[in-house]
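Report on the structure
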Amino acid sequence: MASNKDTITYKIIHVPKTSPRLAEIVTKTRATRLHTLETDPTSWLSNHAAESALPISVWERRLTSPNITILVCIATSNNEDGREPETNLIQSEWAGFAAVRG
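Predicted, not measured: the structure shown is a model, and the values here were computed from it. (Residues numbered from 1 in each chain as written. Predicted model: local features only at pLDDT ≥ 70, side-chain atom pairs only at ≥ 80, totals over all residues. Heavy atoms only, no water.)

**Concerning helix 1 (residues 22–39)**
Quick note on the threshold: In DSSP terms, a helix is any run of H or I states spanning at least four residues, a strand is any run of E spanning at least two, and both are numbered starting from the N terminus. In a helix, the anticipated span is given by 1.5 Å times the number of residues less one. Each residue's exposure class comes from its accessible area (1.4 Å probe, protein chains only) as a fraction of the maximum for that residue type: buried when under 20%, exposed when over 50%, partly exposed otherwise. In this analysis, two residues are considered to be in contact whenever any of their non-hydrogen atoms come within 4.5 Å of each other.
Here helix 1 is 18 residues long and its end C-alpha atoms lie 26 Å apart, about the 26 Å a rise of 1.5 Å per residue gives. The complete set of buried residues in helix 1 reads Leu22, Ile25, Val26, Lys28, Thr29, Thr32, Arg33, Leu34 and Leu37. Elements in contact with the buried residues of helix 1: helix 2 (48–52), helix 3 (56–64), helix 4 (85–91) and strand 3 (93–101).

Listed below in structure tokens is the structure:
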């Protein structure tokens, strides 16, 4: 994460349906969601035990479904602004994420 003297900015990134780095994005998505289920379980309709038992193929289908758009809000410092969106998805802290159906 950024040091105190860096300016933090928030960016919304659309999660790609295809990418050479899709496995890394899926892993980051899974880890982030499982972390939120542990730290704030009442915010979700699912629970940590059920979600952590899902195979990685289910997580990948969730991200690549043609009917679902995943948006992620990331926190970045000013020295990370030039990175590719996929690198930001994998390396930056996620401030939030949402799935839009349709």
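From this point, things continue past the structure.
**A few points about the sheet that holds strand 2 (residues 68–77)**
Cut-off, in case you're wondering: We treat two strands as partners when DSSP finds at least two bridges between them. Under this scheme, a helix contributes an axis fitted over its contacting stretch, all axes are lines through C-alpha atoms, and angles between N-to-C directions fall in the 0 to 180 degree range.
If you trace the three strands from one edge of the open sheet to the other, you get 1-2-3, paired in antiparallel fashion. The open sheet has two free edges, formed respectively by strand 1 (8–14) and strand 3, since each of these has just one partner strand. Sheet twist, expressed as the mean angle between neighbouring strand axes with direction ignored, is 20°. Alignment of strand 1 against strand 2, held across seven bridges, turns out to be antiparallel. Within strand 2, the residue paired with Tyr10 across the bridge is Ala75.

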